[in-house]
Every structure is written in C-alpha cells, then in structure tokens.
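# A closer look at the structure
Residue-level listing of the chains:
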Amino acid sequence: FGYGTPSLLAAVADYYKARFEVALDPKREITALLGSKEGIFHLTQALIQEGDVALVPDPGYPVYRVAAEWAGADVHPLPLRREKEFLPDLDSIPHEVLRRSRIMWLNYPNNPTGAVAGRDFYERALDLARRNNIILCHDAAYGDVAYDGYRPMSILALDGARGCAVEFSSVSKTYNMAGWRLGFVSGNADAVSAVRKVKGNIDSGIFPAVTAAGEAALRGDQAWLAARNAIYARRRDWILAGLAGIGIRADSPKASLYIWAPVPDGFTAESFADSLLEQTGVCFSPGTFFGGEGQGYVRISVATPDDRVREAIQRIRRWKPS
Ligand SMILES: Cc1ncc(COP(=O)(O)O)c(C=O)c1O
C-alpha cells in the first residue's frame, strides 16, 4: 500500500465527491503522498527532463521552481501581479516557450498572494494546457481555508480536466495536520501512475497511524472547518486594521492563510521585513522569498495564535522606523 491503502484512497474519492461532485477512480486517479510537498517535487521529476520548460508562478511556492531545476528543466516564470488579480497572463507566454513546456503550475487559493481563481480562468488554463500537451498541476493546498462564505472550486470539476490536469490536496492546511505529512495527488491517471513509479523507488508508504488519522479527518464531520476558518478571518481583519493604522492598505484575502501587503514607500521587501523584525520582533516574510515579482510586498500569516497577533499589532502601531 505504498500509494495509500484502499480505504484511505476511497476516503479521498468520497471527499472529492461530497465536496466538489467529482467522481475519481481511487485505483488509478489518486495517490497518497508524504505531504503534498513531496509529491510536487517527485511529480516534477517524473514528468520533465533537461530541455523541457516548467511554467511556474512568480511569486510562488518555491518548490515548483526548485523541483524543475533539479530535473534539469528551464523555468519560465508566470508573473502574478495585482493589476491582473494575481492570475498569470496566459496570453503573454511566448509560442516558443509553450512548445517546450511540459508542466504548468497553478496554486489557488494562492500562497503567497492570497488570491483566488474562478471557473473562467481555470477553463482558459486547461484549454492552453490541452492545446500544448502540457500537464496542468493545480496545487489546492488551501482549498478548504476560505472566508466569508467563499468556497474554492476544484479544477477537476471541469469537463475533461482529467485529460491533462492533476490536483494536489493536503491534510496540512485543511485539517491543521501539517506535522503528520499526508497529502494527495488526484486526476490524470498517467501522471498519477508516473509519480507512483518515482515514489516506489524512494519511499515505502505512509505510517499506518497517519493513514488512520487522515481517514478519520476526511470522513469526520466537516462542520468544524467553518468555525476554524472564522478564527483565521477574525485575525485577518485585525491584521488589516493594524496595517491600516500605519498607512498600509492591503487587499483582504477571500482564502488562504496569507495577507499580501505592499511595503511603505522608501522600503524594499527585505528592508521592511528586516527593520520590523529587528526593531519590533515581529516577523513578516519578504515577498522576494517567493520570487522576484514579490518585491515590494511582505507576506503575513493568519496562522499565528490570537494573543501573538494582538501583541504584534500593538508593537507595529508603536513602531517608529529608524
Ligand atoms: C502552496 C503550497 N503547496 C504545498 C505546500 C506543502 O504542504 P504539505 O507538504 O504540508 O502538504 C505548502 C506548504 O506550505 C504550500 O504553501
């Protein structure tokens, strides 16, 4: 059961059915991972080689880029900019790049920008992938972390998506089980089979207690997620108000664990994060950690406990940059 026990894979299939109305064949279309990070890396090794191109969002979760570089592929960044709602401009990818592209990464709800994507965008991305023989990898790690009634969709819910797309999901963010190391890749059967081949030579499956815990989380009552998400939304609102108090206007994310805030005039992403850390002890991630397009931004997490968030806001409000 190196790729997940039949009952764990059935629990994932039932989750997809209940949550997204997507019917997956657990034998061919789902593989369990030691956390989605591992699968992102190994799927890349399975699918691409030297001379291929990987289309990778910038800013983005760094593993997409590093995995492609390890496979010897060229990375073509897809800039995510505020004026395009942090969605890549699919029409601007040069034809020559598309011809060599084997894999495209999308991640919504997005780390680090907090942006979300809708059906229309996913349809255009799928169409592009289909026409160019690209495997579209959608990282949905934050698919169940959403606020104010917003419900992220699955790319696998689109007609024909399984012809060229896979989706990564994870118990880390959905069920607050990041330390347990359990994730899934679902969708295109050839890609799922390819990642199984790579993993079959690298790991020997999941600790049965983690399998049992993951299954319990997937099959349990999902109602608590709304209460958990309401806690994140409350922190989000506190942080946005705190930032506004020092003149920073950030967009309010509908989903994900992150606020993507522009830095004040006169700072870079790094100088702002460094000064804040040194002078107040509050830690924001400089946007450039996620790629060059992150310049001018910091990422702020809502996963920090309430009392720490309140303390951080007080310190920022008292801060006089020197
Ligand atoms: C966008 C994104 N994808 C994947 C992961 C990896 O999650 P895990 O390996 O815990 O499933 C993370 C973790 O931070 C993430 O932010």
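Residues numbered from 1 in each chain as written. Predicted model: local features only at pLDDT ≥ 70, side-chain atom pairs only at ≥ 80, totals over all residues. Heavy atoms only, no water.

## Brief notes about the side chain of Asn229
Position of Asn229 among the secondary structure elements: in helix H9 (residues 224–245). Among the residues examined, Asn229 registers a relative accessible area of 8% and is labelled buried. Among the polar contacts listed, one links the side chain of Asn229 to the backbone oxygen of Ala146, at a separation of 3.3 Å. Side-chain polar atoms of Asn229 contact the side chain of Arg228, separated by 2.8 Å. Every residue in contact with Asn229, bar those within four places of it in the chain, is listed here: Asp144, Val145, Ala146 and Tyr147. (Helix = DSSP H or I, 4+ residues; strand = E, 2+ residues; numbered from the N terminus. Buried < 20%, exposed > 50% of the residue type's maximum accessible area, 1.4 Å probe, protein only. Polar contact = N/O pair within 3.5 Å; in protein donor to acceptor, adjacent residues only side chain to side chain. Contact = heavy atoms within 4.5 Å.)

## Let's talk about the sheet that holds strand S9 (residues 285–286)
Taken together, three strands build an open sheet; the order of strands is S8-S10-S9 and the sheet is antiparallel. The open sheet is flanked by strand S8 (258–262) and S9, the only strands paired with a single partner. Where S9 lies against strand S10 (residues 297–301), two bridges are found, and the strand directions are antiparallel. Residue pairing for S10: Ser285 is matched across the bridge by Arg299. Most of the contacts of helix H10 (residues 269–280) go to S10, to which it runs at about 45 degrees, and overall it touches S9 and S10. (Pairing = 2+ DSSP bridges. Axes fitted to C-alpha atoms, helices over the stretch in contact; angles between N-to-C directions.)

## Brief notes about the domain arrangement of the protein
For the protein, the assigned domains are domain 1 (6–219) and domain 2 (224–318). Centre-to-centre, using C-alpha coordinates, domain 1 lies 26 Å away from domain 2. Listed by partner, the interface residues are 26 residues for domain 1 and 24 residues for domain 2. Both sides of the domain 1 and domain 2 interface together cover about 2,200 Å² of buried area, and 55% of this is carbon and sulfur. Sorting the residues of domain 1 by area buried against domain 2 places Asp58, Pro112 and Tyr147 first, and these three jointly supply 26% of that buried surface. (Domains from an automatic or database assignment. Buried area = accessible area lost by both parts, 1.4 Å probe.)

## A few points about helix H8 (residues 208–219)
Taking 1.5 Å of rise per residue, the twelve residues of H8 would be expected to cover 16 Å, and the 16 Å separating its terminal C-alpha atoms lies within 8% of that figure. Those residues of H8 that fall on the buried side of the exposure criterion are Val210, Thr211, Ala213, Gly214, Glu215, Ala217 and Leu218. (Expected span 1.5 Å × (residues − 1).)

## Comments concerning the site of the ligand
Taken together, 15 residues are adjacent to the ligand, and Asp139, Tyr142, Ser170, Ser172 and Lys173 come closest. The side chain of Asn111 places a nitrogen or oxygen atom 2.8 Å from an oxygen atom of the ligand. Take Ser172: an N or O atom from its side chain is 2.6 Å from an oxygen atom of the ligand. With the chains in place, 91% of the 400 Å² that the ligand exposes on its own is no longer accessible. When residues in the shell around the ligand are grouped by element, the largest group, three residues, is from helix H2 (residues 36–47). (Near = heavy atom within 4 Å. Areas by Shrake-Rupley, 256 points an atom, 1.4 Å probe, with all protein chains shown as cover.)

## Remarks on the packing of aromatic side chains
For the structure shown, the criterion picks out 18 aromatic pairs. Between Phe267 and Phe272 the ring centres are 5.3 Å apart and the planes differ by 70 degrees, which places this aromatic pair in the edge-to-face class. Accessibility expressed as a relative area gives 1% for Phe272, which makes it buried. Judged by centre distance (6.4 Å) and plane angle (50 degrees), the ring pair of Phe272 and Phe284 falls under tilted. Residue Phe272 is located in helix H10, and its partner Phe284 is located in the loop between H10 and S9; the two are separated by twelve residues in the primary sequence. Across the pair, exposure class does not vary: Phe272 and Phe284 are buried alike. Grouping aromatic residues by their ring pairs yields a cluster made of Phe86, Trp260, Phe289, Phe290 and Tyr297. Positioned over the ring face of Tyr150 is Lys254, at 5.6 Å from the centre of the ring. Over the ring of Tyr258 we find Arg299; its NZ or CZ atom is 3.8 Å from the centre of that ring. (Phe/Tyr/Trp six-rings, centres within 6.5 Å; stacked < 30°, edge-to-face > 60°. Lys NZ or Arg CZ within 6 Å of the ring centre and 35° of its normal.)

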